[in-house]
Amino acid sequence: LELGRIASKFMLPGLGIVASCISIIWTWGARRLSRRFVRRVSTGRVEAANLLRRVIHVGVTLNLIGLLTSVLGAQYIVGTLVAKSMSSFVGFGGGIGLGGAGLASSQTLQPLDVLVVQANTNVLSSHFVSLACLLWLSRQVDLLDPPSLEDEA
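Residues numbered from 1 in each chain as written. Predicted model: local features only at pLDDT ≥ 70, side-chain atom pairs only at ≥ 80, totals over all residues. Heavy atoms only, no water.

Student: Can you walk me through the overall build of the protein in this structure?
Tutor: Per the secondary structure count, the protein includes four helices and zero strands. Starting at the N terminus and walking to the C terminus, you meet the elements of the protein as α-α-α-α. Residue burial in the protein is summarised as follows: out of 153 residues, 27% are buried. For the protein, restricting intrachain contacts to residue pairs at least 6 apart in sequence, the fraction spanning at least 24 positions comes to 80%. Of the roughly 10300 Å² of accessible surface on the protein, a fraction of 71% belongs to carbon and sulfur atoms. (Helix = DSSP H or I, 4+ residues; strand = E, 2+ residues; numbered from the N terminus. Buried < 20%, exposed > 50% of the residue type's maximum accessible area, 1.4 Å probe, protein only. Contact = heavy atoms within 4.5 Å. Areas by Shrake-Rupley, 256 points an atom, 1.4 Å probe, with all protein chains shown as cover.)

Student: What should I look at first to understand the pattern of salt bridges in this one?
Tutor: Side chains that differ in sign of charge can pair as their charged atoms come close. Using the criterion set out here, one finds two salt bridges in the structure. The salt bridge partner of R53 is D142, with a shortest N-O separation of 3.2 Å. Within this pair, whereas R53 is found in helix α3 (residues 45-87), its partner D142 is found in helix α4 (residues 111-144), the two being separated by 89 residues in sequence. Judged by relative accessible area, R53 falls into the buried class, the value being 18%. Residues K84 and D113 are paired through a salt bridge, measuring 3.3 Å at the closest nitrogen-oxygen approach. One end of the pair, K84, is in helix α3; the other, D113, is in helix α4, with 29 residues separating them in the sequence. (Salt bridge = Lys/Arg side-chain N within 4 Å of Asp/Glu carboxyl O.)

Student: Any chance you could explain a nonpolar patch on the surface here in plain terms?
Tutor: Taken together, the side chains of V78, V82 and M86 present a nonpolar region at the surface, about 210 Å² in accessible area. For V78, the position within the fold is in helix α3. With a relative accessible area of 39%, V78 lands in the partly exposed category. (Patch = residues over 30% accessible without salt bridge, like charges linked within 9 Å, V, L, I, M, F, W, Y side chains within 5 Å.)

Student: Please clarify how the environment of V117 should be interpreted in this entry.
Tutor: Along the chain, V117 falls in helix α4. Overall, V117 belongs to the partly exposed group, its relative accessible area being 25%. Each C-alpha atom of the pair V117 and V78 lies 7.3 Å from the other, and the pair is 39 residues apart in sequence. If we skip the residues at most four places from it in the chain, V117 touches I77 and L81.

Student: Looking at this model, I keep getting lost on the packing of aromatic side chains. Mind explaining?
Tutor: Each aromatic ring pair is summarised here by two numbers: the centre-to-centre distance and the angle between the ring planes. In total, this model carries zero aromatic pairs according to the counting rule given. The residue whose ring lies beneath R32 is W28, and the NZ or CZ to ring-centre distance is 5.3 Å. (Phe/Tyr/Trp six-rings, centres within 6.5 Å; stacked < 30°, edge-to-face > 60°. Lys NZ or Arg CZ within 6 Å of the ring centre and 35° of its normal.)

Student: Help me out: how do you make sense of the side chain of H127 in this one?
Tutor: Following the sequence through the fold, H127 ends up in helix α4. What H127 contacts, discounting residues up to four positions off in sequence, is G16, A19, S20, N63, G66, L67 and S70.

Student: How should α4 be read in this particular structure?
Tutor: Helical geometry note: an α-helix holds 3.6 residues per turn, so side chains three or four residues apart project in the same direction. Between the first and last C-alpha of α4 there are 50 Å, a value that for 34 residues agrees with the 50 Å anticipated at 1.5 Å per step. Among the residues of α4, D113, N120, V123, L124, H127, S130, L131, L134 and V141 are the ones counted as buried. Check the buried side of α4 and you find it contacts α2 (11-39) and α3. (Expected span 1.5 Å × (residues − 1).)

What follows is the structure in structure tokens.
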């Protein structure tokens, strides 16, 4: 039962980390695609722009999913930490009223709890930077070749 409770606490941030890893792999594949465009001149400008738009769209979707799960996970983690910190005050669990003897070690705020919040914030930052880069790249592709309906097959 304890393992299930711990796993549920880290499930949403874990999904955010998984989405970040998939986004990194996807970005690496997009870099390989762009190198292929440079080497092979036979790819038309419109076809290349449409392929890049699809790659960018998938990357943005991956990062939005990761951002959503990380934000929800951060809310859960911070809520848990607030409940832990409030349980040690008088009237919210009797931490001081019992002389501190009634508190289990799992109910006290640990330094590791703060590091978990920091790690989740780092995941949020990685998704934000990736989204910002993808949106900038999307703008550059649109400046190079405005969206067209050619080569949609």
